[in-house]
Amino acid sequence: MYLDIPMVMAHNRRVLIPDGFPGQRMLVLPRPRVREFLNQPGTARLVVTDCGYFPRADSHGRRRTVPIGQTVVMACVDGSGWCETEAGRFPVQHGQVVVLPPRQPHAYGADAHDPWTLWWFHAASPEVEAFLASAGMSGDNPVRRPRDLYPIVSLMSEVLSWMERDTTNTSLNAAAGAAWHALTLLASERSRSDDAGDVIEHATEYLRAHIADRVTVPELAAMASLSASHFSALFKRHVGYPVLQYQTMLRMSRARELLDTTSATVAAIAAEVGYPDSFYFARQFKKVHGMTAREYRDQHKG
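Reference entry: report on the structure contained in this document. This one's a predicted model, so the numbers in the text were calculated from it and none came from an experiment.

### Some words on helix 4 (residues 169-188)
Side chains of residues three or four places apart in an α-helix project in the same direction, reflecting 3.6 residues per turn. Over its 20 residues, helix 4 runs 28 Å from end to end, which matches the ideal 28 Å to within 8%, given 1.5 Å per residue. Here helix 4 has its buried residues at S171, L172, A175, A176, A178, A179, W180, A182, L183, L186 and A187.

Written as C-alpha cells, this is what we have:
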C-alpha cells in the first residue's frame, strides 16, 4: 500500500492534482495482475505497473509520504517542474528525466507558470533497485540530463502503446523490455549527471579516438585543467574504471574486432591497437580473455 495525497502549496494555495489532463493517456495495471505476472516463471524480472502521457499538465503533482515499491521515471519533453527527495528539491527542465527509486519518499510537481509535458512509467522489479544504485541513479541525484532525449521518449511511448494494447504476457513482456531499455540508456548517461561529467565524456571520447596512441593520465588531466589526482578520481567515479583500465578495455575491444574480421597477424593487430611489443600485448590479451589471441581467433573462426 502507498499514500498519494494532493499537494497544497502554502504560498498560493494551488492544489496539485495527480491526473485528469486534457489529451492525456494513462494505463494502470490491476494490482492482482501485477502480482500474477511477477510470480510467473520467466516474467519476474520487471513489470510496468503504470504509465502515461500528460500534455501541458497544469497543476500536476504528487507527494508520496509513504514510499511505494515501484521506480518512477518521468521524461519532461516541454515546460518545467520540480521533484523532491530526502536529499532536497531539484528543478526539472525540458529535456531532462526524473528517476525516483523505490521505497523512498518523494514529491514532484509541474511549474505553476510553465507546466511540464511528461511521458512516464512506474516499474516494479526485484532487481531494479540494485541496478539503479549501480548506475548512480539515487534519491541524491534524481534528475538526468541525456544528450538525446528522443530514443528514451520513443521507448516510453512504446511502453504505453503495449500497455494500452492488452494485459497479456506478450504485451507486458514487450512493455517491460522497452522500459528496461530506457533505464539502460539512462544508466549509460551517468557521466552527464553533473558538470564534471562533461569533462569525463570528452576524455573518454579522446581515448576512443586515440586507441593506438600513448595517452597518459597527466596529459588527460591537463586537457581538463585539473590535477592528475582529481581527474583520476572523477574518471573512476563517472566511468566506473580507472583511466588505464578503461584504455585497455577499448584496445582489447578493437583487437577482438580485428581478430574476428581480418586475417592480420597478431603482431600487426597488437601494433594497431597501441602495443608495439607483441609479447606484452599477448600477456594483456590472455589476462583479459583467459586465452591467447590465436586461441580466440580459432574459437570464433574455426
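Moving on from the model shown.
### Looking at the sheet that holds strand 12 (residues 117-124)
Ordered in space as 4-5-12-7-10-13, the six strands form an open sheet in which the pairing is antiparallel. Looking at the sheet topology across the chains shown, the edges are occupied by strand 4 (25-28) and strand 13 (143-144). Relative to strand 5 (residues 47-54), strand 4 is paired through four bridges, and the arrangement is antiparallel. Note that in strand 5 the partner of L27 across the bridge is C51.

### Some words on the nonpolar core
For soluble globular proteins, nonpolar side chains are generally found buried alongside one another. Judged by nonpolar contacts, the single largest core of 38 residues is most densely connected at L46, V48, C51, F121, V159, M163 and L183. Taken together, the elements giving at least two residues each to this core come down to helix 1 (31-39), strand 5, strand 7 (71-78), strand 10 (97-100), strand 12, helix 2 (128-134), helix 3 (150-165) and helix 4. Residues contacting V48, with those up to four places away along its chain left out, are L29, F121, H122, A123, V159, M163, A175, A176 and A179. Counting residues in hydrophobic clusters, the runner-up holds 28 residues, among them I211, A221, L259 and V266.

### Notes on the pattern of salt bridges
In the structure shown here, the tally under the stated rule is 14 salt bridges. Between R31 and D50 there is a salt bridge, with its nearest N and O atoms 2.8 Å apart. Of the two residues, R31 is situated in helix 1 and D50 in strand 5; the sequence distance between them amounts to 19 residues. Overall, R31 belongs to the partly exposed group, its relative accessible area being 26%. Residue D50 is classed as buried on the basis of its relative accessible area, which comes to 5%. The salt bridge partner of R33 is E36, with a shortest N-O separation of 3.3 Å. Of this pair, R33 and E36 are both found in helix 1, three residues apart, which corresponds to roughly one turn of the helix. The class for R33 is buried, based on a relative accessible area of 14%.

### Focus on the pairing of strand 5
Remember that side chains alternate between the two faces of the sheet whenever the strand is regular. Counting buried positions along strand 5 gives seven out of eight residues, so the element sits mostly inside the fold. As defined by bridge partners, strand 5 adjoins strand 12 across seven bridges and the pair is classed as antiparallel. Paired with V48 across the strands is A123, a residue of strand 12.

### Here's the deal with the packing of aromatic side chains
Applying the stated criterion across every chain, the model contains ten aromatic pairs. Aromatic pair Y53 and W119: ring centres 4.5 Å apart, planes at 40 degrees, arrangement tilted. One end of the pair, Y53, is in strand 5; the other, W119, is in strand 12, with 66 residues separating them in the sequence. With relative accessibility at 21%, the residue Y53 sits in the partly exposed group.

### Examining unusual backbone geometry
Despite not being glycine, R56 shows a phi value in the positive range, around 40 degrees. Tracing the backbone shows R56 in the loop between strand 5 and strand 6 (61-66). Unlike most non-glycine residues, S59 shows phi in positive territory, near 70 degrees. Structurally, S59 can be placed in the loop between strand 5 and strand 6.

### Details of the packing of helix 3 against helix 4
Axis separation between helix 3 and helix 4 bottoms out at 8 Å; the angle between their running directions is 165 degrees. Classified by the interaxial angle, the pair formed by helix 3 and helix 4 is roughly antiparallel. By crossing handedness, the relation of helix 3 to helix 4 is classed as left-handed. Judged by residue contacts, P151, I152, L155, E158, V159, W162, M163 and R165 of helix 3 engage S171, L172, A174, A175, A178, A179, H181, A182, L185 and L186 from helix 4.

### Overview of the state of the cysteines
What makes a disulfide is a covalent bond joining the sulfur atoms belonging to two cysteines. For the structure shown, the criterion picks out zero disulfides. Between C83, a cysteine without a disulfide, and C76, which holds the nearest cysteine sulfur, the sulfur-to-sulfur distance is 11 Å.

### With respect to the environment of A87
Among the secondary structure elements, A87 is positioned in the loop between strand 8 (81-85) and strand 9 (88-92). The class for A87 is partly exposed, based on a relative accessible area of 41%. Considered as a pair, A87 and N141 are 54 residues apart in the sequence and their alpha carbons are 8.3 Å apart. In contact with A87, other than residues within four places in its own chain, are G139 and D140.

### Digging into the environment of S161
Secondary-structure assignment places S161 in helix 3. In this structure S161 comes out as partly exposed when scored by relative accessible area, which is 37%. Sequence spacing of S161 and A123 is 38 residues, and the spatial spacing of their C-alpha atoms is 15 Å.

Reading the values: rules and limits
Residues numbered from 1 in each chain as written. Predicted model: local features only at pLDDT ≥ 70, side-chain atom pairs only at ≥ 80, totals over all residues. Heavy atoms only, no water. Helix = DSSP H or I, 4+ residues; strand = E, 2+ residues; numbered from the N terminus. Expected span 1.5 Å × (residues − 1). Buried < 20%, exposed > 50% of the residue type's maximum accessible area, 1.4 Å probe, protein only. Pairing = 2+ DSSP bridges. Core = buried A, V, L, I, M, F, W, Y, C linked by side-chain atoms within 4.5 Å. Contact = heavy atoms within 4.5 Å. Salt bridge = Lys/Arg side-chain N within 4 Å of Asp/Glu carboxyl O. Phe/Tyr/Trp six-rings, centres within 6.5 Å; stacked < 30°, edge-to-face > 60°. Axes fitted to C-alpha atoms, helices over the stretch in contact; angles between N-to-C directions. Parallel < 35°, antiparallel > 145°, perpendicular 65-115°, else oblique. Left-handed = near helix turned anticlockwise from the far one by under 90°. Disulfide = S-S within 2.5 Å.

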